[in-house]
Amino acid sequence: MIHFKKVSKIYGDVAAVKDVSFSISPGEFVSIVGHSGAGKTTLIKMLLIEEWPSEGIVLFEKTDVHALSARRIPAYRRRIGTVSQDFRLLSHKTAYENVAFAMEGAGRSDEYIETNVPQVLELVDLKEKMWNF
């Protein structure tokens, strides 16, 4: 469904992302984790057509997303769910509920959510704050 093929993004003399290739299957729930400056935000911005790759291609359902016309971009973006690391969370929900909400939107079962939300929060060192708003 989503394919990054030998994607690089260069800012001046700095390679934010270099020769990255991966695929995400339909219905797959993916977390992008890494240290500050690893290129996580750059990958998301390229997927959402907020940035263009210096090299390589980003595909969504076999379509080069960077070849979409400006009028088709909003409809495309509505088909991709992202949870940002900044304050785009629902303030009336706990950390657990925010992650679960995204999984519900992806059509995951209650059993899947109950099992995986704690694992996702542990992966990003937030398990102790699971019930915090």
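Right above here is the structure, for reference.
Heads up: these notes are all about the structure in this document. All figures in this text were calculated on a predicted structure; none of them were measured in a lab.

This part takes up the overall build of the protein chain. When its secondary structure is counted, the protein chain shows four helices and four strands. Traced from its N-terminal end to its C-terminal end, the protein chain shows the element sequence β-β-α-β-β-α-α-α. Once the C-alpha set of the protein chain is aligned to its principal axes, its extents read approximately 40 × 30 × 25 Å. In the protein chain, which comprises 133 residues, the proportion classed as buried is 29%. Considering only contacts in the protein chain between residues 6 or more positions apart, those separated by 24 or more positions represent 49%. Put simply, the protein chain shows about 9,100 Å² of open surface, and 52% of that area lies on carbon and sulfur atoms. Of the side chains in the protein chain, 17 bear a positive and 17 a negative charge, and the two mean positions are spaced by 8 Å.

A separate point is the pairing of strand S1 (residues 2-11). The pairing of S1 with strand S2 (residues 14-24) spans seven bridges and is classified as antiparallel. Within S2, the position partnered with Tyr-11 by the bridge is Val-14. Hairpin remark: S1 followed by S2, antiparallel, with two residues in the connecting loop; positive phi at Gly-12, about 65°. As defined by bridge partners, S1 adjoins strand S3 (residues 55-60) across five bridges and the pair is classed as antiparallel. Looking at S3, one finds that Lys-5 is bridged to Ile-57.

This part covers the nonpolar core. Ranked by size, the top nonpolar core spans 17 residues in total, and within it Phe-4, Leu-47, Val-65 and Tyr-76 carry the most contacts. Residues contacting Leu-47, with those up to four places away along its chain left out, are Ile-2, Phe-4, Val-58, Val-65, Tyr-76 and Ile-80. In terms of nonpolar packing, the next biggest core, distinct from the first, is built from nine residues, Val-99, Ala-100, Val-117 and Met-130 among them.

For the structure shown, the criterion picks out three aromatic pairs. Considering the side-chain rings of Phe-60 and Tyr-76, the 5.3 Å spacing of their centres and the 80° angle between planes classify their relative orientation as edge-to-face. Residue Phe-60 is found in strand S3, and its partner Tyr-76 is found in helix H2 (residues 73-77); the two are separated by 16 residues along the sequence. Summarising the burial analysis for this pair, Phe-60 and Tyr-76 share the class buried.

This part is about the layout of surface pockets. Reported here for the second largest pocket is a volume of approximately 160 Å³. Of the residues belonging to the lining of the second largest pocket, the class tally is five nonpolar, one polar and three charged.

We now examine the environment of Pro-74. Assignment of secondary structure puts Pro-74 in helix H2. What makes Pro-74 partly exposed here is its relative accessible area of 40%. Pro-74 sits 34 residues away from Lys-40 along the chain, and the two C-alpha atoms are 22 Å apart.

Peptide bonds are trans in most cases, and residues, glycine excluded, mostly fall at negative phi. Within the chain, Lys-6 stands out as a residue other than glycine whose phi angle is a positive 50°. A residue is classified by how much of its surface remains accessible, and Lys-6, at 55% relative accessible area, is exposed. Backbone geometry at Lys-62 places phi at a positive 70°, although glycine is not the residue there. Judged by its relative accessible area of 78%, Lys-62 falls in the exposed class.

Glancing now at helix H4 (residues 110-123). Taking 1.5 Å per residue, 14 residues should reach 20 Å; H4 reaches 20 Å between its end C-alpha atoms and fits that length. Within H4, the axis deviates most sharply at Asn-116, by approximately 30°, and proline Pro-118 lies no more than four positions further along. Regarding H4, the residues found buried are Ile-113, Asn-116, Val-117, Pro-118, Val-120 and Leu-121. Elements that come into contact with the buried residues of H4 comprise helix H3 (95-105). A positive backbone phi angle near 60° is found at Asp-125, which sits one or two residues after H4.

Cut-offs used in this document
Residues numbered from 1 in each chain as written. Predicted model: local features only at pLDDT ≥ 70, side-chain atom pairs only at ≥ 80, totals over all residues. Heavy atoms only, no water. Helix = DSSP H or I, 4+ residues; strand = E, 2+ residues; numbered from the N terminus. Buried < 20%, exposed > 50% of the residue type's maximum accessible area, 1.4 Å probe, protein only. Contact = heavy atoms within 4.5 Å. Areas by Shrake-Rupley, 256 points an atom, 1.4 Å probe, with all protein chains shown as cover. Lys, Arg positive; Asp, Glu negative; His and termini not counted. Charge placed at Lys NZ, Arg CZ, Asp CG, Glu CD. Pairing = 2+ DSSP bridges. Core = buried A, V, L, I, M, F, W, Y, C linked by side-chain atoms within 4.5 Å. Phe/Tyr/Trp six-rings, centres within 6.5 Å; stacked < 30°, edge-to-face > 60°. 1 Å grid on protein atoms, 1.4 Å probe; cavity = no way out; pocket = protein on both sides within 12 Å on 5 of 7 lines; lining within 4 Å. Points joined across faces, edges and corners; volume = space filled by probe spheres on them. Nonpolar A, V, L, I, M, F, W, Y, C, P; charged D, E, K, R; others polar. Expected span 1.5 Å × (residues − 1). Bend = angle between axes of the 7 residues up to and from the residue.

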